[in-house]
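Take a look at the letters that make up each chain.
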There are 2 protein chains.
Amino acid sequence: MTEQRHRVVIIGGGFGGMNVAKGLMRQPVDVTLIDKRNFHLFQPLLYQVATGGLSPGDIAHPLRAVFSNAENITTLKAEAVDIDPVQQKVILRDGDVDYDTLVVATGATHSYFGHDEWEKKAPGLKTMEDALIIRHRILLAFEAAERESNPEKRQAWMTFVVVGGGPTGVELAGALAELAKNTLENDFRRIDPADTRIILVEAVDRVLPPYPENLSAKAQKSLEKLGVQVKTNLMVTDIQDDLIKVKNTENDQVQEIKTQTVLWGAGTQASKLGHILHKKAGAELNRAGKVKVEPNLSVAAAPNIFVIGDLAFATDDEGQPLPGLASVAMQQGKYIAKLIKQRLIGQATDDFSYVDKGMMSIIGRNSAVAQAMGFEFSGFIAWLVWVFVHIYYLIGFDNKVAVILQWAWNYITYNRGARLITNEKSYNLIHKSPDKQPFASS
Amino acid sequence: MTEQRHRVVIIGGGFGGMNVAKGLMRQPVDVTLIDKRNFHLFQPLLYQVATGGLSPGDIAHPLRAVFSNAENITTLKAEAVDIDPVQQKVILRDGDVDYDTLVVATGATHSYFGHDEWEKKAPGLKTMEDALIIRHRILLAFEAAERESNPEKRQAWMTFVVVGGGPTGVELAGALAELAKNTLENDFRRIDPADTRIILVEAVDRVLPPYPENLSAKAQKSLEKLGVQVKTNLMVTDIQDDLIKVKNTENDQVQEIKTQTVLWGAGTQASKLGHILHKKAGAELNRAGKVKVEPNLSVAAAPNIFVIGDLAFATDDEGQPLPGLASVAMQQGKYIAKLIKQRLIGQATDDFSYVDKGMMSIIGRNSAVAQAMGFEFSGFIAWLVWVFVHIYYLIGFDNKVAVILQWAWNYITYNRGARLITNEKSYNLIHKSPDKQPFASS
């Protein structure tokens, strides 16, 4: 074939980008899928890696493996640093790729509300690396507490503050409580992990604000049953090496919590490519840096550039912004693949329309909240729904039967076999060294 | 209880040390198990982590979890840096621990035969960190080859040299061949992984020298069937950034192989604590730095210090040195636990006697060699034996049913789902950056 086929370039191999590529497998287009990492991440289970329940390999799938049998799809492990809509090129850190159609699906990261210096002290949970950093912080904190003889300092090692009462904060706090109170129950000789304090701070007046109020209340009750202290109406004002300062939004009172470990589950900040699309392709951004897209998910001023997933600011049929959910990104990805195929054969294309599959958040063992098809679920039923949906997607995705068994095993036994501290030195680069007391017998 | 109980300190949580502690669970002694890491490693499957078949969590078990219900066992994540046999103290990097009986089981690491500068270029496979480093090297080499347009340089990225034809070298070379020729078969667009060269170099005249000659020959044939080039009578004389030099031990001819990836499976060097025992407790060392032990595995000049596992130089009833096998370390560990219990109640103790369980080495799918109970096995039968023995130990150890299923799945599908590149920056500290060609479309 000498004629140049239509070239689709996709930046980002998350739920959005991967589904565009999947929809274009073995189609008469040349697809290049660019990702900084060599794997797709099943992000909904990332908190399990962070709390030692699962291993990285359990929730990741090499991108090359996904597309190994689709010759029209080239996977490129590279970092896109710029976009040139005039030349129709994506600029990589080491090269460039031409496109006819570009799909940008690079998602979002956490926002520290202008306090980027907090990142080192309060890691967020977006990437596999984040999960491993958090796992190391948590495990090393317990190790340090076991070695610490000063009671006040020991309590600071055993105090974990989770910032943000959204789904990430809630699942982290819940899993952390189970880790401390069940898994580690008998693991130490000088400390009692049951004394662990887990504090979830949220700036508004309830956890899981996107849910109806009664589900938020149920989620809070479930967390409290697990031993998590839920504190609402609190804004973080400062994070220091061994403490966090929070301000009550109602009476402006500032409170100090002594802690060695702060985990960040608040705020969302769109990927930097949003700003590049703004500068180079005239894309309009919202306050969080998300790209406002047309009804067909394209950039108004550049109709052959599409933005999907967490980087896109799209609205539903009633003008309400779509939430940052995997199901939104997946549907958008499939839609774009279909649109590209239709355009190629000159068919008319419909606008994107989101089919609301509901949403759910896991809190802990036997406990979740869910909202779907006009129904609300909570407790054990919601938990079952959550488990089945995730098993369904995991199996469909990579036949991760082993993960499901591991999970079942962990559930029955409270086991968290992946609570390993590896490559400690490299993590220590960002982890403050525990202020260990000398261990001396007598 | 006000009376001080007998204090046993064990350094090292491998097969030897862990079995001492297991044998002393809920006995009237106070045990402190010291390890730098917080997990026990199922080392026989480490090559699977290195080649992306399994995740770290699959072959590791947190030490605290093993002993969580044995209150007399304290796990201490710490590094032992010195031993004081006069004061009966183990000196940690940050503290010290008193002992009445000391068991040193810190094993061995690779030896670079006086060329420690090769370590950075040719990582060995002893620890979990080693396995992750090797995994990153291998995966990044293929990524670099895909980006490299100069054919000679590309071939250097696709050439892997494994040094040492012992069990580690053989299993690494075999697994690498399967990774390249089966798992990655269709994963790239510019290179054909079938062109991968895997060269196993061995200094003596055959692979797996501890085995009978006919099994060595069968192992070599199996490796060659997998596409591995087996080169014997070759000594490494130099390793540089992009090549390795080997000398034929018969005719002294020097040969250069252009390669970006050298993996080290040769040489054994006992842990540094051997030298400390030599200096402080008058222990005699052999050439590899192993501690010569009495028939009851104690140090002659310090009868309350025992050395077991790869750090010990012990002999069987016929005066032959015991091999560095997990089964030796396990039996020695159980023996020491029994001996301590017997001493406590004033019973006479027997000398250690090794029950030869045979040995086996896996080469690849369907292929292994084994020698046990006077029989020799090879090919599929040996492979089956290998699999069953390892399943037996894995299940007994931690109910790692998930691993076995993952393994079965990998076997059927040639899948290696754990071939992930994570935390790349930290590994890049020691990995030379691939000399990437700019990727440009057209």
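Just so you know, the residues in each chain are numbered from 1, in the order the chain's sequence is written. Written order determines the labels here, with chains lettered from A and ligands numbered from 1. This being a predicted model, a pLDDT of at least 70 is required before a residue's local features are given, and a value of 80 or more before pairs of side-chain atoms are given or counted; all residues contribute to the totals for chains, interfaces and linings. Where side-chain values are given, they derive from all heavy atoms of the structure, hydrogens and water being excluded.

Novice: How do you make sense of the overall build of chain A when you look at a structure like this?
Specialist: When helices and strands are tallied, chain A shows 12 helices and 26 strands. Each radius of gyration reported is based on C-alpha atoms, and the globular scaling rule is 2.2 Å times the count of residues to the power 0.38. Against the 2.2 N^0.38 benchmark of 22 Å for 442 residues, chain A shows a C-alpha radius of gyration of 23 Å, consistent with a compact globule. The C-alpha extent of chain A, read off along each of the three principal axes, is 80 × 45 × 40 Å. Relative to all contacts within chain A whose residues are 6 or more apart in sequence, the contacts with residues 24 or more apart total 64%. Surface exposure of chain A reaches about 18300 Å², of which carbon and sulfur atoms provide 50%. In DSSP terms, a helix is any run of H or I states spanning at least four residues, a strand is any run of E spanning at least two, and both are numbered starting from the N terminus. By definition, residues are in contact when any of their heavy atoms lie within 4.5 Å. A 1.4 Å probe and the Shrake-Rupley method give the accessible areas. Residues count as covered only by the protein chains that appear here.

Novice: Hey, could you run me through the pairing of strand β9 (residues 101–104) of chain A in this one?
Specialist: Along a regular strand, successive side chains alternate from one face of the sheet to the other. All names here are of chain A. Neither face of β9 is open: one carries T101 and V103, the other L102 and V104, and all of them are buried. Strand pairing follows a simple DSSP-based rule, namely that at least 2 bridges must link the two strands. Pairing geometry for strand β1 (residues 6–11) and β9, over four bridges, is parallel. Bridge pairing links V8 to T101 in β9. As defined by bridge partners, β9 adjoins strand β21 (residues 302–307) across three bridges and the pair is classed as parallel. Bridge pairing in β21 places L102 opposite I305. Partly exposed residues are those whose accessible area sits between 20% and 50% of the maximum for their type, while under 20% is buried and over 50% is exposed, using a 1.4 Å probe and protein chains only.

Novice: Explain the pattern of salt bridges to me, please; I cannot follow it from the model alone.
Specialist: Close approach of charged atoms lets side chains of opposite charge pair. All names here are of chain A. Take a side-chain nitrogen of Lys or Arg and a carboxyl oxygen of Asp or Glu: if they are within 4 Å of each other, that pair is a salt bridge. Per the stated rule, a full pass over the model turns up 24 salt bridges over all chains. Of the charged contacts in the structure, one is a salt bridge between E129 and R37, with a shortest N-O distance of 3.0 Å. Within this pair, whereas E129 is found in helix α4 (residues 128–147), its partner R37 is found in the loop between β2 (29–35) and β3 (39–41), the two being separated by 92 residues in sequence. Exposure remark for E129: the relative accessible area of 13% places this residue in the buried category.

Novice: So what exactly am I meant to see when it comes to the sheet that holds β1(A) here?
Specialist: Strand pairing in a sheet relies on backbone hydrogen bonds, with the paired strands running either antiparallel or parallel. All names here are of chain A. The strand order across the open sheet formed by six strands is β5-β2-β1-β9-β21-β20, and the pairing between neighbours is mixed. Looking along the sheet, the strands with just one partner apiece sit at the ends: β5 (73–77) and β20 (298–299). Note: β20 against β21, two bridges, orientation antiparallel. Its bridge partner being in β21, S298 is matched across the sheet by F306. Contacts between helix α9 (residues 326–344) and the sheet are confined to β1, β2, β9 and β21, with β21 contributing the most and set at about 155° to the helix. Convention adopted: a line fitted to C-alpha atoms gives each axis, helices being fitted over their contacting stretch, and angles between N-to-C directions are expressed from 0 to 180 degrees.

Novice: How should I be thinking about the packing of helix α1 (residues 15–23) of chain B against helix α9 (residues 326–344) of chain B in this particular structure?
Specialist: Helix-helix packing is characterised by the crossing angle of the two axes and by the distance between the axes. Residue and element names in this part refer to chain B. Where α1 contacts α9, the two axes come as close as 7 Å, and the packing angle between them is 30°. Between α1 and α9, the interaxial angle falls into the category roughly parallel. Pair α1 / α9 crosses with right-handed handedness. Mapping the contact onto sequence places F15, G16, N19, V20 and G23 in α1 and A326, A329, M330, G333, K334, I336, A337 and K341 in α9. Each residue is assigned to one of three groups, with Ala, Val, Leu, Ile, Met, Phe, Trp, Tyr, Cys and Pro labelled nonpolar, Asp, Glu, Lys and Arg labelled charged, and all others, Gly among them, labelled polar. Among the residues making up the contact of α1 with α9, the classes are represented as seven nonpolar, four polar and two charged. The labels follow the angle: roughly parallel below 35 degrees, roughly antiparallel above 145, roughly perpendicular from 65 to 115, and oblique for the rest. Here a crossing is called left-handed whenever its near helix is offset anticlockwise from the far helix by less than a right angle, and right-handed whenever the offset is clockwise.

Novice: I tried to follow the packing of aromatic side chains on my own but got confused; where do I start?
Specialist: Both the distance between ring centres and the angle between the ring planes are used here to describe each pair of aromatic rings. Only centres within 6.5 Å qualify two rings of Phe, Tyr or Trp (six-membered ring in Trp) as a pair; their planes then separate them into stacked at under 30 degrees, edge-to-face at over 60, and tilted for everything else. With the rule as written, the count across this model stands at 17 aromatic pairs over all chains. Residues W118(B) and W264(B) carry aromatic rings whose centres are separated by 5.8 Å and whose planes lie at 55° to one another, so their mutual orientation is tilted. Placement of the pair is W118(B) in the loop between β10 (108–109) and α4 (128–147) and W264(B) in strand β17 (residues 261–264), with a sequence separation of 146 residues. Members of the aromatic cluster, joined through ring pairs, are Y112(A), F113(A), W118(A) and W264(A).

Novice: Help me out: how do you make sense of helix α6 (residues 167–183) of chain B in this one?
Specialist: Given 3.6 residues per helical turn, the α-helix brings residues three or four places apart onto the same face. The span you would expect from a helix comes to 1.5 Å times its residue count less one. Taking 1.5 Å of rise per residue, 17 residues should cover 24 Å, and α6(B) covers 22 Å from first to last C-alpha, within 8% of that figure. Counting buried positions along α6(B) yields 13 of 17 residues, so the element is predominantly enclosed.

Novice: Sorry, what's going on with the environment of I133(B) here?
Specialist: Residue and element names in this part refer to chain B. Its place among the elements puts I133 in helix α4. Given a relative accessible area of 17%, I133 falls into the buried group. In the structure, I133 is positioned 288 residues away from I421 in sequence and 9.9 Å away in space, judged by C-alpha atoms.

Novice: Mind showing me how you'd approach the sheet that holds strand β12 (residues 197–201) of chain A here?
Specialist: All names here are of chain A. If you walk across this open sheet you meet the four strands as β13-β12-β11-β17, and the pairing is parallel. Only two strands of the sheet have a single neighbouring strand rather than two, namely β13 (228–231) and β17 (261–264). Averaged over neighbouring strand pairs, the angle between their axes works out to 20° when direction is ignored. As judged from the five bridges shared by strand β11 (residues 159–163) and β12, these two strands associate in the parallel manner. Residue pairing in the sheet places V162 in a bridge with L200 of β12. Packed onto the sheet, α4 meets β11 and β17 and runs at close to 160° relative to β17. The strands that helix α7 (residues 213–225) touches are β12 and β13; relative to β13, the one it contacts most, it runs at about 145°.

Novice: How should the environment of F113(B) be read in this particular structure?
Specialist: All names here are of chain B. Structurally, F113 is set in the loop between β10 and α4. Sequence separation between F113 and Q269 is 156 residues, and the spatial gap between their C-alpha atoms is 9.0 Å. Not counting residues within four places of it along the chain, the set of residues in contact with F113 comprises W264, A266 and G267.

Novice: Sorry if this is basic, but what is going on with the side chain of E171(A) here?
Specialist: All names here are of chain A. As for its placement among the helices and strands, E171 is situated in helix α6 (residues 167–183). By the counting rule applied here, Lys and Arg register as positive and Asp and Glu as negative, while His and the ends of each chain are not counted. Buried charged residue E171 carries no salt bridge. Nearest counter-charge: K126, at 9.4 Å. Excluding residues within four positions of it along the chain, E171 makes contact with P44, Y47 and I362.

Novice: Would you explain unusual backbone geometry in this entry?
Specialist: Positive phi, close to 70°, is recorded for L297(A), a residue that is not glycine. Judged by relative accessible area, which is 1%, L297(A) ranks as buried. Phi is positive for L208(B), which is not a glycine, with a value near 45°. Mapped onto the fold, L208(B) is located in the loop between β12 (197–201) and α7 (213–225). Judged by relative accessible area, L208(B) falls into the buried class, the value being 0%.

Novice: Would you mind showing me how to read the pairing of strand β25 (residues 375–378) of chain B here?
Specialist: All names here are of chain B. Pairing of strand β24 (residues 367–372) with β25 involves four bridges; the strand directions are antiparallel. When the bridges of β25 are listed, Q371 appears paired with E376. Linkage of β24 to β25, two consecutive antiparallel strands, is achieved through a turn of two residues, within which M373 is found at a positive phi near 50°.

Novice: Would you take a moment to explain the side chain of H390(A) for this structure?
Specialist: Residues and elements named next belong to chain A. Looking at the secondary structure, you find H390 in helix α10 (residues 379–398). Exposure remark for H390: the relative accessible area of 9% places this residue in the buried category. Polar contacts, as used here, are pairs of N or O atoms within 3.5 Å; protein pairs need one atom able to donate a hydrogen and one able to accept it. Residues neighboring in sequence count only if both atoms are side-chain atoms. At 2.8 Å, the side chain of H390 forms a polar contact with the backbone oxygen of W386. Ignoring sequence-local partners within four residues, the contact set of H390 consists of F42, P44 and W407.

Novice: Please clarify how the confidence of the model for chain A should be interpreted in this entry.
Specialist: The predicted coordinates should not be examined in detail at positions where pLDDT is low. All names here are of chain A. When the pLDDT values of chain A are averaged, the result is 90; 93% of them are 70 or greater. Confidence over residues 428–435 falls short of pLDDT 50; this stretch has 14 contacts with residues more than four positions distant or in other chains. Scoring the predicted complex yields pTM 0.91 and, for the interface, ipTM 0.88. Confidence scores per residue from the predictor, reported as pLDDT, run from 0 to 100.

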